[in-house]
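Structure at a glance
Listed below are the residues making up each chain.
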Amino acid sequence: MADHNDPNAVNSIFSDIDVSAADLYDIFGFPVDDRSGVEKVVIALTFAAVPQTGVFDTDMLYRILIAPDRRIARSGGDDTSLAGFLTYLEGVKEKYLKILRPSEVRVTVDHNNRANLRFIGFPGGSFSASIATNEVSSVQSPGGHSINVFVGGRDDAFFNDLPGFFRSINYAPQFYHVPHTMPDVRELKIPKTFLELEGNDLFNYDPQFPQWGHGMKKELPAGPLTWNGNRFKKDQNGNFRFVYSGQDARAGQNCHAIILELPLTFLTATSDEHRIVNTWGESWVLKAAHKVETIPDDPLWIEHPHVLLDALNLDEELKKYKLVDTDGQAFADAALSEREDNRQLGANNFWLAPHFIKRLGHLGWGFGPSITALGLACAFDHDNSPVSVHRTYSSVLEAFPRVSKILFQELNMPDDSWDRKGLAIPLRRAVDVFIPNVNSIDMDTTGTWPFGRRLEDQVATRFLSTFLDMSASLNGKRYHVELLNDPALWNSAPIEPKTPPNPLKNDKEFLADFPYLAEPW
Amino acid sequence: MATAAGYAAEMRRIDEDIAKTEAAAFSDLADPDRITRHVYRLYQKASISGHLAALTAVERAIDDALPLLSNPADLYLLKAHTAFKLHKLADVHAALLAVPSVYDSEEGRLIRADLDFQHGHYQAAESGYVDVLGHERSWGALARLAYLRGKMGDVAGADRLYEEAEDQLTAKEMRAYAWLEVQRGFLDFAHGQHDAARLHYRRADAAYPGYWLIDEHIAELLGAEGRYDEAIVIYQRIAATFGRPDLEQAIGELYDLAGRDRPAVYWKERALSAYLQSVQRGEVHYYHHLVDYYADAAEDGADAVKWASKDLQMRENFATQAALAWAFYRDGRIGDAVHWIDRALASDVVDALLYFRAGEIYSAAGHEIEGRNFRERALNLNPTVAGFHVHH
């Protein structure tokens, strides 16, 4: 008789499962600049180029969800209390659970590397199309709308000092070989910071290993993984050491992209009213059980033809897949959701709001003092702490007063160029940007972040600007979302290297026309 | 037309990765990731292929690599897994204790629960699995609980757990999916549901073609159905890849059933020789097969008792207790047989073969009614219990 069983006969103890085809990178969205013809919006979902650039994983299903909406009109007396925040959340929940009925574009790629697109639930009609990958195509909706589509390999449009970001949050796996048996060793209990902490040898730049964190990792040391210092690091000239380098960690790297150029009238029957296009992306991977059903020549497949896509049972299709990743707002995952698998809720991230408040409080205690140390005004009240602090909150009530200014302050723009039509469009606030976790494209703007996301936007640095006090001024001008992207600011700051935190432009020029993202390397 | 990639393709990828990581793994500029990956791939190759002799080499590779890493937690986890496969349960526990993060990790906790099961502490094993599942319903934890629940008689519950485990898996985990289908099939086989078992094995093969584990179970099914020649062909094919004395014994037993004495003797002697060579090398993982061999293939009760006692000393559970009971039965020591079968029955395990042997032992002890009752229970669970089966 069998006396033992051993799933580890087959278990991948150290997950060697390649799920990176499900790793979503970004979702860009902006109104097409050329307004002479039909009003259109561009949505581009990027993800890992696996198994190789231009060749797609046939077990994947990608969704781009689209929910046009009216622009929210805010009264001058917004309630910025906790009660007001909860009311805002209820409104978002109501809208996304009951009112908005997102349409979607589903994309799979078959074994012949052809992309199969399903446009589902659009006012302009539902339809399917099969196109070649890696070339621009144009498809027609039942309503006669012409839609440009590209599914293929591109240069990764994200330009960012990712190691710098991970250094700022003391994220161990970027810098160390963390054993699989230590899944909790992620963000170490060291204050978040823009400036290196004196004695934080676990993460401070090591001149002996300049590539540390840029692909090179050290062995995780034994002993406590903490920091016991009390000041920022300064060099002999009195300059702080920036955790960022300004280098583009994604230079020379490719991605896969699903790029759509959609007429607004295809997305909404009331394009005069629905000036906001909310969009977010999802990646799903086929479940093992249904892989068996889709294997040709398997008699089970023939015996169960219902596994073929049935236009009347689209949810039946999704039941065969497992949701892996979502993407809406840049840095909502990395900074706020902490990359947890169970926090991939996409537009439904209002459930995470309590976590966001506490997380924002935690980030504020870290980033805030380092902002102040540089002589900048900070929106987070850190009691004038001279150094970053590692503090966490177990209670929203406790955290909320500290973060309310960050949440509700209007994010100033550097100039009025974003407001193409000179309409009285309210400036966005962090609370509007991150909850829900969607890219909310305002069709009456240029779509520059936070009114969408254009390819050339340096969103990582703009995200950092949300911690600045937007009521403060520098050289007579109010702080704004582009302030930290200004080399002049850093040139005069007591810091080395004197660079904006992230690169100012992509390693390749974007294209003037569709598909806009540059050719792959 | 696309097909599932399968066993051969995966083994090729593992071989490629082994070659790629070999050169850098033990160089002066040792990269912990590459070292761990290299050793892990060696483990995977041996484990997935079922090559127990290769696992002994993996043990040595792990021991060579341990001093090279300042944080060898992952290697200790591998060491625990390797020792488990080789039935070296004391070494499993030692490996888990070597690094606190290993002992307390989810995988470590699951292995501890597995040890509980092997030592006959079934409640503790169940609690251990349930505790880990409370944190995450991983397929491996679900499968372990399914096995335990199946052994305790909750067949439907076990199958539901296996099905839930399958639902956790993506298309990137077809090997695991196939394994689960084999478990579901074997659950059916152990209850005489041959057609249902066959369907699961076919599905496993569709998911992960070319996997010897599936073929082995299909061969067992064929053998149980009296299709001896077909079963023999499959076993011989598997056994030809590397030494599988357990399958060689199965081939011998099938020839016996087919009434062909000379090849039966040949294959059984090959198996015995391999078992004994393994023991001479200091290995313990064939003890339970030696019990099986001496008790049923050779009907040598004294040697059966000897090996059953050794196996039981390593781990006392319902299986080793029942094996010792059966060995005593073969040796004519019915009183001892009754004692040990009672201990096995006290586990509350619901197993057709256990009941069948209890029936034989009780009848031999003069307890005809109890003997008949046990036989009836056995046949109700599995009408084909007395037929061909393999010790897995």
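What you are looking at is a predicted structure, and each value in this text was computed from that prediction instead of being measured.

Criteria and cut-off values
Residues numbered from 1 in each chain as written. Chains lettered and ligands numbered in written order. Predicted model: local features only at pLDDT ≥ 70, side-chain atom pairs only at ≥ 80, totals over all residues. Heavy atoms only, no water. Helix = DSSP H or I, 4+ residues; strand = E, 2+ residues; numbered from the N terminus. Buried < 20%, exposed > 50% of the residue type's maximum accessible area, 1.4 Å probe, protein only. Contact = heavy atoms within 4.5 Å. Areas by Shrake-Rupley, 256 points an atom, 1.4 Å probe, with all protein chains shown as cover. Rg over C-alpha atoms; globule rule 2.2 N^0.38 Å. Lys, Arg positive; Asp, Glu negative; His and termini not counted. Charge placed at Lys NZ, Arg CZ, Asp CG, Glu CD. pLDDT = per-residue confidence, 0-100. Pairing = 2+ DSSP bridges. Axes fitted to C-alpha atoms, helices over the stretch in contact; angles between N-to-C directions. Core = buried A, V, L, I, M, F, W, Y, C linked by side-chain atoms within 4.5 Å. Polar contact = N/O pair within 3.5 Å; in protein donor to acceptor, adjacent residues only side chain to side chain. Parallel < 35°, antiparallel > 145°, perpendicular 65-115°, else oblique. Left-handed = near helix turned anticlockwise from the far one by under 90°. Nonpolar A, V, L, I, M, F, W, Y, C, P; charged D, E, K, R; others polar. Phe/Tyr/Trp six-rings, centres within 6.5 Å; stacked < 30°, edge-to-face > 60°. Lys NZ or Arg CZ within 6 Å of the ring centre and 35° of its normal. Salt bridge = Lys/Arg side-chain N within 4 Å of Asp/Glu carboxyl O.

Glancing now at the overall build of chain A. On a plain count of helices and strands, chain A comes out with 13 helices and 20 strands. Each of the 521 residues in chain A was classed as buried or not, and the buried ones make up 60%. Across chain A, contacts joining residues at least 24 apart in sequence account for 70% of those joining residues at least 6 apart. Counting only carbon and sulfur atoms, one obtains 50% of the accessible surface of chain A, whose full area is about 20500 Å².

All right, on to the overall build of chain B then. The number of helices and strands found in chain B is 22 helices and zero strands. Over its C-alpha atoms chain B spans a radius of gyration of 21 Å, differing by no more than 12% from the 21 Å that the globule rule assigns to 392 residues. Counting only C-alpha atoms, chain B reaches 70 × 45 × 45 Å along its principal axes. Among the 392 residues that make up chain B, the fraction classed as buried is 58%. Taking contacts inside chain B between residues at least 6 apart in sequence as the whole, the part at least 24 apart equals 52%. Of the roughly 15700 Å² of accessible surface on chain B, a fraction of 50% belongs to carbon and sulfur atoms. Between the centroid of the 42 positive side chains of chain B and the centroid of its 61 negative side chains there is a distance of 3 Å.

For chain A, the mean per-residue pLDDT works out to 89, and 88% of the residues sit at or above 70. Note on residues 1–5 of chain A: pLDDT under 50 across the span, and 30 contacts to partners over four residues away in sequence or across chains.

Turning next to the pairing of strand E2 (residues 40–47) of chain A. Residues and elements named next belong to chain A. The element E2 is largely enclosed, with a buried count of seven among its eight residues. As judged from the seven bridges shared by strand E1 (residues 24–31) and E2, these two strands associate in the antiparallel manner. Among the inter-strand pairings, Gly29 is bridged to a residue of E2, identified as Ile43.

All names here are of chain A. Read from one edge of the open sheet, five strands run E1-E2-E14-E10-E9, paired in antiparallel fashion. Edge positions in the sheet fall to E1 and strand E9 (137–140), since each of these pairs with one other strand and no more. Averaged over all neighbouring strand pairs, the angle between strand axes comes to 20°, with direction disregarded. The sheet contact formed by E2 and strand E14 (residues 254–263) spans eight bridges and is antiparallel.

Next up on the list: the nonpolar core. Among the nonpolar cores identified, the biggest contains 115 residues, and Tyr235 and Ile341 of chain B are the most heavily contacted of them. Each residue touching Ile341 of chain B, except ones within four places of it in the same chain, is listed here: Ala322, Ala325, Leu354, Ala358, Ile361 and Tyr362 of chain B.

Turning to the environment of Pro501 of chain A, a few remarks are in order. All names here are of chain A. The residue Pro501 is located in the segment after strand E20 (495–496) in this model. As for Pro501 and Ala488, which are separated by 13 residues in sequence, their C-alpha atoms are 13 Å apart. Excluding its chain neighbours within four sequence positions, the residues that come into contact with Pro501 are Asp161, Phe242, Tyr244, Ser245, Gly246, Thr461, Leu464, Leu484 and Trp490.

So, on to the confidence of the model for chain B. Per-residue pLDDT for chain B has a mean of 94; in total, 97% of the residues score no lower than 70. Scored as a whole, the predicted complex attains pTM 0.91, and scored at its interfaces, ipTM 0.90.

Moving on to the environment of Asp331 of chain B. Residue and element names in this part refer to chain B. Along the polypeptide, Asp331 turns up in the loop between helix H19 (318–330) and helix H20 (334–345). Along the primary structure Asp331 and Gly301 are separated by 30 residues, whereas in three dimensions their C-alpha atoms are 3.8 Å apart. For Asp331, the contacting residues outside a window of four places in its chain are Gly301, Ala302 and Val305. Looking at Asp331, its side chain comes within polar contact range of the main-chain nitrogen of Ala302, at 3.2 Å.

Here we take up the packing of helix H17 (residues 287–297) of chain B against H19 of chain B. All names here are of chain B. Two numbers describe how H17 lies on H19: the axes approach to 9 Å, and their chain directions differ by 30°. Taken together, the axes of H17 and H19 are roughly parallel relative to one another. Between H17 and H19 lies a crossing whose hand is left-handed. Contacts between H17 and H19 pair Val291, Ala295 and Asp296 from the former with Ala323, Trp326 and Arg330 from the latter.

Now for the packing of helix H4 (residues 73–85) of chain B against helix H5 (residues 89–98) of chain B. Residue and element names in this part refer to chain B. Close contact between H4 and H5 brings their axes to 8 Å; oriented N to C, the two are set at 170°. Accordingly, the angle class assigned to the pair H4 and H5 is roughly antiparallel. For the pair H4 and H5, contact is made by Tyr76, Lys79, Ala80, Ala83 and Phe84 and by Leu89, Asp91, Val92, Ala95, Leu96 and Ala98, respectively. For the contact of H4 with H5, the per-class residue count stands at nine nonpolar, no polar and two charged.

Turning our eyes to something else, we now look at the packing of aromatic side chains. Residue and element names in this part refer to chain A. In the structure shown here, the tally under the stated rule is 46 aromatic pairs over all chains. Here Phe242 and Tyr244 contribute two aromatic rings whose centre-to-centre distance is 5.6 Å and whose plane-to-plane angle is 65°, an arrangement assigned as edge-to-face. Per residue, the accessibility class of Phe242 equals that of Tyr244, and both read buried. Joined through ring pairs, the aromatic side chains of Phe194, Phe242, Tyr244, Phe367, Phe434, Phe463, Phe467 and Trp490 make up one cluster. Here Arg391 stacks its cationic end above the ring of Trp365, 4.0 Å away from the centre of that ring.

A few words on the pattern of salt bridges. Residue and element names in this part refer to chain A. Taken as a whole, this structure holds 69 salt bridges over all chains when the rule is applied. For Glu317, the salt bridge goes to Arg106, with nearest N and O atoms at 2.7 Å. Of this pair, Glu317 sits in helix H7 (residues 314–318) while Arg106 sits in strand E6 (residues 103–109), and the two are 211 residues apart along the sequence. Of the residues examined, Glu317 reaches a relative accessible area of 9% and is grouped as buried. Judged by its relative accessible area of 2%, Arg106 falls in the buried class. Salt bridges here are not isolated pairs; linked through shared partners, they connect Glu39, Arg71, Arg275, Lys421, Asp442 and Asp444.

This paragraph deals with unusual backbone geometry. Residues and elements named next belong to chain A. Here the residue pair Ile435 and Pro436 is connected by a cis peptide bond, since its omega of 0° sits within 30 degrees of zero. Considering the arrangement of structural elements, one finds Pro436 in the loop between helix H11 (430–434) and strand E17 (439–442). Omega for the bond connecting Phe514 with Pro515 falls within 30 degrees of zero, at 10°, which places this linkage in the cis form. In this structure, Pro515 sits in the segment after E20. With phi around 60°, Asn113 is a residue other than glycine that occupies positive phi space. Here Asn113 lies in the loop between E6 and strand E7 (114–120). Backbone geometry at Asp383 places phi at a positive 55°, although glycine is not the residue there. Its location among the elements puts Asp383 in the loop between helix H9 (353–373) and helix H10 (396–408). On the basis of relative accessible area, Asp383 is assigned to the partly exposed category, the value being 49%.

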